[in-house]
Amino acid sequence: MANAVPLLVVLILGSGSLTPVHSQNKAPTAGRPVASPNAKQAKALMESAKQYNQVLESEEALKLANQAIALDPKQYGAYVERALAHISLGQTEQALADFSTAANSGERKHEKSARREKADLLFRLKRYTDSINELTTIETKYGSLSDGMLYRRAQAYLAIGKPNMSVLDLTTAIKGEPSANRLFEARMKAYVALKDWD
């Protein structure tokens with residue numbers, strides 16, 4: 001065993017497992033950029049923040065997301081996780097700022113989820129027109145909205161006195177989810193409101 005090379009291992013922060021150092025130094029894969037060590041560590045921190053958010057440990061999630069962003073400001077998923085932690089802690093303006101950063105990142109995955117979450121928060125804050133605008137941006141950029149997003153936008157339209165737009169969104173949502181009673185009930189309310197507005 002005199003010729004044996006010792007295997008060094010390090011604990012990758014946030015993964016909870018030991019990974020050989022040599023496995024981190026693989027040759028670049030053709031056509032794919034290799035993430036820097038900071039980017040890898042930032043992603044691990046972001047994933048940990050996500051797990052803490054899921055179990056409503058918001059202060060720990062906030063701390064981890066802050067660390068991820070400090071390591072790699074382009075880790076836009078960390079902005080989404082930090083925003084979700086801010087919401088749980090009642091810090092809505094900070095959450096909106098973080099959602100905006102991720103929404104304007106140019107990264108499709110984070111941009112769409114950030115806009116969706118931001119629209120939901122704006123709706124809960126009764127900023128209905130802003131919520132509608134975020135959802136409309138998603139629709140414009142990605143071609144369509146999910147049935148849930150259409151439902152949310154329909155509710156916002158109803159809240160600002162545009163039941164005709166609410167009916168249109170709900171009708172589209174019903175085509176995608178014809179067995180959803182909540183959509184039919186919401187459309188009925190919109191039709192009643194439409195009659196009241198005429």
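Computed from a prediction, not measured in an experiment: that's the story for all the values here. (Residues numbered from 1 in each chain as written. Predicted model: local features only at pLDDT ≥ 70, side-chain atom pairs only at ≥ 80, totals over all residues. Heavy atoms only, no water.)

Let's talk about the overall build of the protein chain
Scanning the protein chain from terminus to terminus reveals 10 helices and 2 strands. N-terminal to C-terminal, the α/β element order of the protein chain is β-β-α-α-α-α-α-α-α-α-α-α. Per-residue burial for the protein chain yields a buried fraction of 37% across its 198 residues. Counting only carbon and sulfur atoms, one obtains 54% of the accessible surface of the protein chain, whose full area is about 11,900 Å². (Helix = DSSP H or I, 4+ residues; strand = E, 2+ residues; numbered from the N terminus. Buried < 20%, exposed > 50% of the residue type's maximum accessible area, 1.4 Å probe, protein only. Areas by Shrake-Rupley, 256 points an atom, 1.4 Å probe, with all protein chains shown as cover.)

Structural notes on unusual backbone geometry
With the exception of glycine, most residues fall at negative phi, and the peptide bonds are largely trans. Although it is not a glycine, L56 adopts a positive phi angle of roughly 60°. With respect to the element layout, L56 can be found in the loop between α2 (37-54) and α3 (58-71). Among the residues examined, L56 registers a relative accessible area of 66% and is labelled exposed. The phi dihedral of K126 falls on the positive side, at around 65°, and the residue is not glycine. Along the polypeptide, K126 turns up in the loop between α6 (108-124) and α7 (128-142). Overall, the relative accessible area of 61% leaves K126 in the exposed class.

Description of the packing of α7 against helix α8 (residues 147-159)
Across the interface, α7 lies against α8 with an axial gap of 9 Å and an inter-helix angle of 145°. Here α7 and α8 pass one another in a crossing that is left-handed. For the pair formed by α7 and α8, the contact residues are Y128, I132, L135, T136, I138 and E139 on the first element and M149, R152, R153, A156, Y157 and A159 on the second. Here the residues of the contact of α7 with α8 sort into 8 nonpolar, 1 polar and 3 charged. (Axes fitted to C-alpha atoms, helices over the stretch in contact; angles between N-to-C directions. Left-handed = near helix turned anticlockwise from the far one by under 90°. Contact = heavy atoms within 4.5 Å. Nonpolar A, V, L, I, M, F, W, Y, C, P; charged D, E, K, R; others polar.)

What about the nonpolar core?
Most often, soluble globular proteins keep nonpolar side chains buried together rather than apart. Counting residues in each nonpolar core, the largest one holds 22 residues, and the members touching the most others are A68, A95, F99, A102, A114 and L121. The set of elements that each furnish at least two residues to this core consists of α2, α3, α4 (76-88), α5 (92-103) and α6. Excluding residues that lie within four positions of it along the chain, A102 makes contacts with Y76, Y79, V80, H110, E111 and A114. If you look at the next biggest cluster of nonpolar residues, it comprises 16 residues, including I138, L150, A180 and A186. (Core = buried A, V, L, I, M, F, W, Y, C linked by side-chain atoms within 4.5 Å.)

Quick look at the pattern of salt bridges
One pass over the structure, following the stated rule, counts 12 salt bridges. The salt bridge partner of E134 is R115, with a shortest N-O separation of 2.8 Å. Of this pair, E134 sits in helix α7 while R115 sits in helix α6; the two residues are 19 residues apart in sequence, bridging distant segments of the chain. The exposure class assigned to E134 is buried, which follows from its relative accessible area of 11%. Judged by relative accessible area, which is 10%, R115 ranks as buried. One network of salt bridges, in which partners are shared, links E111, R115, K118, E134 and K141. (Salt bridge = Lys/Arg side-chain N within 4 Å of Asp/Glu carboxyl O.)

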